[in-house]
Amino acid sequence: GFVILFAIGIASFAVAYRQTGLAITDISIHMMSADAIFRGNETTSYPGWFYVCGFLAHVLRLPLGVSAALASSIYNVLCFVVMYYILRQELGDANLTNHVIVFIMAFLGPIHFNTRDIYNNTALFNTWHNPTNTSVKFLALMCFFLMVYSIDLQKNATIDILGRPFTKRKIDIALSAG
């Protein structure tokens, strides 16, 4: 599991780092904003990626491009962990098939066949290019599948999430808060 997760992290970092050097990608624009947001010179409604990038750049003193790519990679790995957990819930115990499915899902998602460079597209549904999208993708997946599980639960039933029991009522309340 950790080998696949590490491979996904490295591949994700490589794709994101390549984008930091291109002027037309969102990540290159966002990393400049991250610097300003972390310094308090700008604000944003979705600060997660910006704060992680700023922390890496200013506190850990990593180069801004490396910080931007690493921040994106961290959120991508979180998304893949969620996908793996959902697959494990649906398909049973962890096995190589689940790892391969997650790896394939991770890299087929951004493909669009009408562009020269599939991982740098900024005009279509490609989610690799947008750091703020990347930072909330794992939360969106969790909420969607919690909603699906909640619909199937009986009124007093519980579901085990990361070793903790959650009742249908708790899940419904959490999902309706948005």
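Student: Is there a simple way to think about the overall build of the protein chain in this case?
Tutor: Along the protein chain, the regular secondary structure elements total seven helices and two strands. Ordered by position from N to C terminus, the α and β elements of the protein chain give α-α-α-α-α-α-β-β-α. Sequence separation of 24 or more characterises 45% of the internal contacts of the protein chain that already satisfy a separation of 6 or more. Total accessible area on the protein chain stands at roughly 10600 Å², and carbon and sulfur atoms take up 65% of it.

Student: Mind showing me how you'd approach the environment of N98 here?
Tutor: Mapped onto the elements, N98 comes out in helix α5 (residues 96-108). Residue classification places N98 among the buried residues on the basis of a relative accessible area of 1%. Spatially, the C-alpha atoms of N98 and L87 are 6.4 Å apart, while their sequence positions differ by eleven residues.

Student: When you look at the packing of aromatic side chains in this model, what are you seeing that I'm missing?
Tutor: Between two aromatic rings, the relevant description is the distance of the centres plus the angle of the planes. This model, assessed by the stated rule, comprises four aromatic pairs. With a centroid separation of 5.5 Å and an interplanar angle of 85°, the aromatic rings of W49 and F50 are classed as edge-to-face. Relative accessible area serves as the criterion here: at 4%, F50 is assigned to the buried category. Look at F144 and F145: their rings are 5.2 Å apart centre to centre, the planes differ by 90°, and that puts the pair in the edge-to-face class.

Student: I'm lost on a nonpolar patch on the surface in this one. Help?
Tutor: A contiguous nonpolar patch, built from F38, Y51, F55, V59 and L60 and spanning about 460 Å² of accessible area, is present on the exposed surface. Per element, the largest residue contribution to the nonpolar patch is three residues, and it comes from helix α3 (residues 48-59). On the basis of relative accessible area, F38 is assigned to the partly exposed category, the value being 31%.

Student: Can you walk me through the environment of I74 in this structure?
Tutor: With respect to the secondary-structure elements, I74 resides in helix α4 (residues 64-91). Judged by relative accessible area, which is 37%, I74 ranks as partly exposed. Along the primary structure I74 and S12 are separated by 62 residues, whereas in three dimensions their C-alpha atoms are 8.7 Å apart. If near-sequence neighbours (up to four positions away) are discounted, I74 is found in contact with V52 and L56.

Procedures and definitions
- Residues numbered from 1 in each chain as written.
- Predicted model: local features only at pLDDT ≥ 70, side-chain atom pairs only at ≥ 80, totals over all residues.
- Heavy atoms only, no water.
- Helix = DSSP H or I, 4+ residues; strand = E, 2+ residues; numbered from the N terminus.
- Contact = heavy atoms within 4.5 Å.
- Areas by Shrake-Rupley, 256 points an atom, 1.4 Å probe, with all protein chains shown as cover.
- Buried < 20%, exposed > 50% of the residue type's maximum accessible area, 1.4 Å probe, protein only.
- Phe/Tyr/Trp six-rings, centres within 6.5 Å; stacked < 30°, edge-to-face > 60°.
- Patch = residues over 30% accessible without salt bridge, like charges linked within 9 Å, V, L, I, M, F, W, Y side chains within 5 Å.
- Salt bridge = Lys/Arg side-chain N within 4 Å of Asp/Glu carboxyl O.

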